[in-house]
Every structure is written in structure tokens, then in C-alpha cells.
Amino acid sequence: MRFDKQKAFELRKQGRSYQEIRKILGMSMAILSDWFKNEAWSSEIKSRLASKASTKNSYKLKLMHTARMKKLTDSYDDARREAKDEYKKFRTNPLFIAGLMIYWGEGDKRSKYRCGIANTEPLMIKVFIRFLREICKIEVEKITVWLLLYPDLKDDVCRNFWKEKITLGESNFRNSITIKGKSSVRRLSYGVCNVAFHNRYFKEKMLAWLQLASEDLSVSK
């Protein structure tokens, strides 16, 4: 047996991986694979090393996940602290209070990321968009709109109506959703307009604002 092959076998029996043997002896992985492919004991070592690597990778992934979750938790704590400071700044601003009250009554409270409302009243939608843009400083291109329609309503007619009323462009609109049901009777002339901004950090702030406002406004002065 060649000396380098003999040495490779010795290293392999010590539980070394192909990669480690290659670094020590300077031979290709292909040669090592050819030498050990018919050795049952080598296959057992391969399985043992794979299991060990899997356990190690799982541990690393767990550590990464824990670190990521802590980072997110810290970030959301920052959002709530920021919301508290901003509430003190804006609490006498009519647009701020109007936006919060609209969201309190019509907004999505369950989603972790979606901060949006749904309504048939164009002026309410328009005020909420002003709140997002002027108070929250949300860039207009990040605001999304979609319509909920009954079967007898024309999508293009409804989209044009809402684009004109809330002064947003076609790029803000997503595909409309038509109600699938037994009734096709027109219930609403232009459907239900859904306006939203998706961001977990901002959603944490919004929920914190609502909590602060509910505590503030429920107390008799």
C-alpha cells in the first residue's frame, strides 16, 4: 500500500473527515472517495460525522434564531418608546388624533405587519392617507390600495373613482377582489377601499399610540 494511502487510512480510522485528510496530505477529494468507497467502517464514520455536523448546525441555527429574536424584540421596544415620545409631541394635533380615531374604529388590529383600514367613505380614506403621509412620514409609493367589489361593479370604473377621490396613482393599486357569493345585487356604488402600509416596526408604534390615546381620552379632565 502506498504510504500516502496508508496514512490516509490511518487518519480516516481516527475519525477524520475527507476535508481534514485532504488538507493534511494534499490529495484530491476524488482520490479519497475512491479509496474509501468500499470500506464499510468508513461509511460508519461518514454517518457519525454527518450526524455530528447536523447537531452542530442545529445548535448554530438555534443561536442565530435566538439572537435574531432578541434583536427584533429590542427593535419593537424602541418602537414603543419612540411612540410614547411622539404621542406627547402630536397629541394636540387634530390630524394625528383623527388618524388614530379612524384606525381605532376601522383599522386592522390583528396583523403583525399590516397597518390599514377599510371603508366606503372617500373622505375618511383621504384623511387616513394624510395621516400616514404628513404625520407618520410614510412615502406615498409604499402605501397600497385594493378594492373589494360586488360582481356587478366594474373594476376600472371603481378604480378611477377612488384614484380621483383619494389622489393616489395606479401604481398604488393592487388587484381588486370580487365577492364570490350567491347575491350579485349592488350593495355599494364603488366598493370598499382598503388602504394599508406594511411594516412591523410602524405597527408596534400604531398600537402603542392607540393604547396611549385610549388611556388619555378616557380620563375626565
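Our structure is the block above this text.
None of these values were measured; they are calculated from a predicted model.

**Q** Can you help me understand the layout of surface pockets in this one?
**A** Any empty space left between the atoms is revealed when a probe the size of a water molecule rolls over them. Of the pockets and cavities examined, the largest pocket occupies roughly 190 Å³. Lining the largest pocket, in full, are Gly-15, Ile-45, Arg-48, Leu-49, Lys-52, Ala-53 and Lys-56.

**Q** Could you clarify how one ought to interpret the nonpolar core in this entry?
**A** The tendency in soluble globular proteins is for nonpolar side chains to be buried as a group. Counting 40 residues, the largest nonpolar core has Phe-96, Leu-100, Phe-131, Ile-166, Phe-202, Met-206 and Trp-209 as the members making the most contacts within it. When residues of this core are traced back to their parent elements, those giving at least two are α4 (40–90), α5 (94–106), β1 (114–119), α6 (122–135), β2 (144–149), α7 (155–166), β4 (192–198) and α8 (200–217). Beyond its immediate stretch of four places on either side in the chain, Phe-131 contacts Leu-95, Phe-96, Gly-99, Leu-100, Cys-136, Met-206 and Trp-209. The next biggest cluster of nonpolar side chains, apart from the first, holds eight residues, and it includes Ala-8, Phe-9, Met-27 and Trp-35.

**Q** I keep staring at the side chain of Ser-176 and nothing clicks. Help me out?
**A** With respect to the element layout, Ser-176 can be found in the loop between α7 and β3 (177–178). Within the local environment of Ser-176, its side chain forms a polar contact with the side chain of Asp-155, the two groups lying 2.6 Å apart. The contact partners of Ser-176, leaving out residues within four places of it in the chain, are Leu-147, Leu-149, Asp-155 and Arg-159.

**Q** Would you explain the packing of helix α2 (residues 18–25) against helix α3 (residues 29–36) in this entry?
**A** Working note: a packed helix pair is described by the angle between its axes plus the distance between those axes. Two elements in contact, α2 and α3, have axes separated by 10 Å at closest approach and are oriented at 120°. Classified by the interaxial angle, the pair formed by α2 and α3 is oblique. Crossing angle aside, the handedness with which α2 passes α3 is right-handed. On α3, the residues touching Tyr-18, Gln-19, Ile-21 and Arg-22 of α2 are Met-29, Leu-32, Ser-33 and Phe-36.

**Q** Explain the environment of Leu-11 to me, please; I cannot follow it from the model alone.
**A** Secondary-structure assignment places Leu-11 in helix α1 (residues 3–13). Classification of Leu-11 as buried rests on a relative accessible area of 5%. The spacing of Leu-11 and Leu-210 is 199 residues in sequence and 66 Å in space, taken between C-alpha atoms. Among residues more than four places away in sequence, those in contact with Leu-11 are Arg-16, Ile-21, Ile-24 and Leu-25.

**Q** Hey, could you run me through the state of the cysteines in this one?
**A** As used in these notes, a disulfide is a covalent bond between sulfur atoms, one from each of two cysteines. Evaluation of the coordinates by the stated rule reveals zero disulfides. Left without a disulfide partner, Cys-115 is nearest to the cysteine sulfur of Cys-136, which lies 7.3 Å away. On the basis of relative accessible area, Cys-115 is assigned to the buried category, the value being 0%. Not part of a disulfide, Cys-158 finds its nearest cysteine sulfur in Cys-193, a span of 10 Å.

**Q** Where do I start with the pattern of salt bridges in this structure?
**A** Pairing of side chains with opposite charge becomes possible as their charged atoms draw close. Under the defined criterion, the tally for this structure stands at 13 salt bridges. Taking the shortest distance from any N to any O, the salt bridge between Glu-204 and Arg-80 comes out at 2.6 Å. With Glu-204 in helix α8 and Arg-80 in helix α4, this pair connects stretches of sequence that are 124 residues apart. Its relative accessible area of 36% is what places Arg-80 among the partly exposed residues. Two residues, Glu-82 and Lys-205, come together in a salt bridge whose shortest N-O distance is 2.9 Å. Here Glu-82, found in helix α4, pairs with Lys-205, found in helix α8; they are 123 residues apart in sequence, far enough to count as distant. You can call Glu-82 partly exposed: its relative accessible area is 30%. One salt-bridge network, held together by shared partners, links Asp-77, Arg-80, Arg-200 and Glu-204.

**Q** Is there a simple way to explain α5 in this structure?
**A** When the terminal C-alpha atoms of α5 are compared, their 18 Å separation across 13 residues agrees well with the 18 Å that a helix rising 1.5 Å per residue should span. Among the residues making up α5, those that are buried are Leu-95, Phe-96, Ile-97, Gly-99, Leu-100, Ile-102 and Tyr-103. Two or three places before Leu-95, at the opening of α5, Asn-93 has a side-chain oxygen 2.9 Å from that residue's backbone nitrogen.

**Q** Please explain the sheet that holds β2 as it appears in this structure.
**A** Note: strands within a sheet are paired through backbone hydrogen bonds, in either parallel or antiparallel orientation. Taking strand neighbours across the sheet as the criterion, the four strands line up as β1-β4-β2-β3 in an open arrangement whose pairing is mixed. The strands lining the two open edges of the sheet, one partner per strand, are β1 and β3. Of the strand pairs in this sheet, β1 and β4 are connected by six bridges, and their pairing is antiparallel. Of the residues in β4, the one forming a bridge with Cys-115 is Phe-197. Where α6 meets the sheet, it contacts β1 and β4, and its direction lies at approximately 160° from that of β1.

How each quantity is defined
- Residues numbered from 1 in each chain as written.
- Predicted model: local features only at pLDDT ≥ 70, side-chain atom pairs only at ≥ 80, totals over all residues.
- Heavy atoms only, no water.
- 1 Å grid on protein atoms, 1.4 Å probe; cavity = no way out; pocket = protein on both sides within 12 Å on 5 of 7 lines; lining within 4 Å.
- Points joined across faces, edges and corners; volume = space filled by probe spheres on them.
- Core = buried A, V, L, I, M, F, W, Y, C linked by side-chain atoms within 4.5 Å.
- Buried < 20%, exposed > 50% of the residue type's maximum accessible area, 1.4 Å probe, protein only.
- Helix = DSSP H or I, 4+ residues; strand = E, 2+ residues; numbered from the N terminus.
- Contact = heavy atoms within 4.5 Å.
- Polar contact = N/O pair within 3.5 Å; in protein donor to acceptor, adjacent residues only side chain to side chain.
- Axes fitted to C-alpha atoms, helices over the stretch in contact; angles between N-to-C directions.
- Parallel < 35°, antiparallel > 145°, perpendicular 65-115°, else oblique.
- Left-handed = near helix turned anticlockwise from the far one by under 90°.
- Disulfide = S-S within 2.5 Å.
- Salt bridge = Lys/Arg side-chain N within 4 Å of Asp/Glu carboxyl O.
- Expected span 1.5 Å × (residues − 1).
- Pairing = 2+ DSSP bridges.

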